[in-house]
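In case you want the letters, here they are:
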Amino acid sequence: MDVPDFDSWVAARGPSLLRLAYVLTGNQADAQDVVQDALSRALPRWSRISTVEDPDAYVRRMVVNAHISWWRKFRRRESPVDEVHDRAAPTSASFEDRDRIWQACLRLPPDQRTAIVLRFYEDLDYADIAALTGVREGSVRSRVSRAMTALRTELGENDE
Amino acid sequence: MNDFEARLHETLDHRAGRSMDASVLADGARRRVRRRRTTRTVVAAAVVAVALPIGFSQFGGLGSGGADQGTTVASNENSGIRKAADGFRYETWHGVSVQVPTEWEAGAMSAWCSGVDTPEEVTPVVTRPDTMAIRIACEPANGYGVTLGQPTSDNLDYDKSDGAGDGFRYAYLNRDSQRYPQGAWIGSWIDGDESVTVVTQDRELTQRIIDSAMRVDQGPTGGCPVQLNGEGISLCRYRVNELLATRTLTGEQAAAALEVLTSSPVRAKEDRCLPAESDQTAGPDDRTIVYQDGEMVATAYFRGCGEVLVVDSTQKEGLIMRKMTEDVRSLVDLD
């Protein structure tokens, strides 16, 4: 079995981890922080982690857990949103629509946003999200449901 | 997937596609590993000298340990202060303290299998109720360490009728639980709403830790040991005026800690970062107070982005507000 060294693996998979962390945290600085925290915990065990069946999924799980740990530890109710306006004004309806949805996502409580990201970005099913976040599957469904209701309400979307 | 869900999916994909610099990740991770090891070494060396008040009712459920495991080194108006035994440190939670081996780390007992095959391969952990519990289906469900928290029916089975005295306080030892490693020695100390559960490979160690469990006399500082006979500093973590944890540093470690506190960048008034109104969890009572010779020398607030109010006689008002750097946070975040 070809075992990747830590640096090579991070070079290849780091951008993907940062993208996941970015949609979880809502800003680049915190995304870097969460990914580095997860990688610093993976590094001492890399000889083992690199040989598991799917090290990518394993470390992505560590990133999610680092994010959960991070917002629980610092008790942040909302992520900073200071850098979401750092680009030109929307030039198309779809772009504007995405921006509205994204900003509404940023205003979700962290537990709901995490559930939404895992469901609609990572495409995980409810059971996987429950296993990953350490809460019951029913709680995951509830979080996703409440988040979707909040998003639809804020964006003036009709329930389907 | 309906239309809104599809647009949500597309939005997350689009935002995630923003380019970010990943070239610093590997080096950043290495720096954190080195820093964590350095901090752990300093703390491990220092916590041997952790001191706590002993105003408690000694429980004699298991053996005769407990009271004879520390040496009283000072006393204040409320209670005696004792050192942990050599190789042990105190861990406290909600008025209950217990001595654990210095090398034990904070973490979740349910996460032992992250990267290893057997619970014997990882360092035992100290778990509190707010410790993040990663559910990754370890078998057995828990590894080795100590859990501080409230008694639960699915933690260890216990029978209140076995309680001694007026209050409900007792301890026991067993080896028969599928929730813990086979052959582990499991001890449980329960006093009203607080419990200590210990799981080790060694019967004597489990019993020693269980026997060290005790209630901490609260007093005006909530049980924080503020008088150390000039031997160091005390760091006491509070939330809503409840003492959550304590740490005492002596000698070079105390000097290094004070250097960290007093060298942190000054935070200007216009650079304050109080929490948003929506932040209902980190209030002004979420803080760590640092004492030296019975006097407060600094208070670290965890509100907003974190600030440290340091006593500084060179300042007109005798106080100066400094930033909560990562080094400061590593020092004062005992929770």
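Predicted model, so just to flag it, every value in this text is computed and none were measured.

Cut-off values and rules
- Residues numbered from 1 in each chain as written.
- Chains lettered and ligands numbered in written order.
- Predicted model: local features only at pLDDT ≥ 70, side-chain atom pairs only at ≥ 80, totals over all residues.
- Heavy atoms only, no water.
- Pairing = 2+ DSSP bridges.
- Helix = DSSP H or I, 4+ residues; strand = E, 2+ residues; numbered from the N terminus.
- Contact = heavy atoms within 4.5 Å.
- Axes fitted to C-alpha atoms, helices over the stretch in contact; angles between N-to-C directions.
- Expected span 1.5 Å × (residues − 1).
- Buried < 20%, exposed > 50% of the residue type's maximum accessible area, 1.4 Å probe, protein only.
- Patch = residues over 30% accessible without salt bridge, like charges linked within 9 Å, V, L, I, M, F, W, Y side chains within 5 Å.
- Areas by Shrake-Rupley, 256 points an atom, 1.4 Å probe, with all protein chains shown as cover.
- Salt bridge = Lys/Arg side-chain N within 4 Å of Asp/Glu carboxyl O.
- Phe/Tyr/Trp six-rings, centres within 6.5 Å; stacked < 30°, edge-to-face > 60°.
- Lys NZ or Arg CZ within 6 Å of the ring centre and 35° of its normal.
- pLDDT = per-residue confidence, 0-100.

Caption draft 1: Here's a closer look at the sheet that holds strand β5 (residues 96–101) of chain B. Residues and elements named next belong to chain B. Spatially, β4-β5-β12 is the arrangement adopted by the 3 strands of the open sheet, whose pairing is antiparallel. Strands with a single pairing partner mark the edges of an open sheet, and in this sheet they are β4 (88–93) and β12 (214–215). In the sheet, β4 pairs with β5 via 6 bridges, with the strands oriented antiparallel. The partner of tryptophan 93 across the bridge, within β5, is valine 96. Helix α3 (residues 203–212) contacts β4, β5 and β12 of the sheet and is inclined by roughly 150° relative to β5.

Caption draft 2: Main features of helix α2 (residues 28–42) of chain A. Residues and elements named next belong to chain A. With 15 residues, α2 extends 21 Å between its outermost C-alpha atoms, agreeing within 8% with the 21 Å of an ideal straight helix rising 1.5 Å per residue. Of all 15 residues making up α2, 11 are buried, and the element is well covered by its neighbours. Asp30, Ala31, Gln32, Val34, Val35, Gln36, Asp37, Ala38, Leu39, Ser40 and Ala42 are the residues of α2 that are buried.

Caption draft 3: The arrangement of a nonpolar patch on the surface in detail. A grouping of Met296, Val311 and Leu319 of chain B is seen on the molecular surface, where their side chains present a nonpolar patch of about 210 Å² in accessible area. With respect to the element layout, valine 311 of chain B can be found in strand β17 (residues 307–311).

Caption draft 4: Spatial organisation of the packing of aromatic side chains. Residues and elements named next belong to chain A. Scanning all chains against the criterion turns up 3 aromatic pairs over all chains. Between tryptophan 9 and tryptophan 46, the aromatic rings sit 5.2 Å apart at their centres with planes inclined by 55°, giving tilted as the arrangement. Remark: tryptophan 46 occurs in helix α3 (residues 46–49) and tryptophan 9 occurs in helix α1 (residues 6–25); sequence separation between them is 37 residues. Comparing tryptophan 9 with tryptophan 46, the two get one shared label, buried. With a centroid separation of 5.5 Å and 15° between ring planes, the pair formed by tyrosine 22 and tryptophan 102 is classed as stacked. Remark: tryptophan 102 occurs in helix α5 (residues 93–106) and tyrosine 22 occurs in helix α1; sequence separation between them is 80 residues. Using a relative accessible area of 1% as the deciding quantity, one classes tyrosine 22 as buried. Put simply, the rings of Phe6, Trp9 and Trp46 pair up and form one aromatic cluster. Positioned over the ring face of tyrosine 126 is arginine 119, at 4.4 Å from the centre of the ring.

Caption draft 5: The confidence of the model for chain A, seen in detail. When the pLDDT values of chain A are averaged, the result is 77; 81% of them are 70 or greater. In the model, residues 73–93 of chain A has pLDDT below 50 throughout and makes 40 contacts with residues more than four positions away in sequence or in other chains.

Caption draft 6: The arrangement of helix α6 (residues 110–120) of chain A in detail. The buried count for α6 of chain A comes to 10 of 11 residues, which makes it a mostly enclosed element. Of all the residues in α6 of chain A, the buried ones are Pro110, Asp111, Gln112, Arg113, Thr114, Ala115, Ile116, Val117, Leu118 and Phe120 of chain A.

Caption draft 7: Geometry of the confidence of the model for chain B. All names here are of chain B. When pLDDT is averaged across chain B, the result is 68; 61% of the residues are at 70 or more. When pLDDT is averaged over each element of chain B, strand β8 (residues 145–149) comes out on top at 89 and strand β2 (residues 71–75) at the bottom at 24. Per-residue pLDDT stays below 50 along residues 38–82; that stretch engages in 122 contacts with residues further than four places along the chain or on separate chains. Taken as a whole, residues 276–284 scores under 50 in pLDDT and shows 13 contacts with residues more than four places along the chain or in a different chain. ipTM for the predicted complex: 0.81, alongside a pTM of 0.41.

Caption draft 8: Local environment of the pairing of β4 of chain B. Judged by how many residues are buried, β4 of chain B sits mostly within the fold: 6 of 6 residues are covered. Neither face of β4 of chain B is left uncovered, since the one carrying Phe88, Tyr90 and Thr92 of chain B and the one carrying Arg89, Glu91 and Trp93 of chain B both have all their residues buried.

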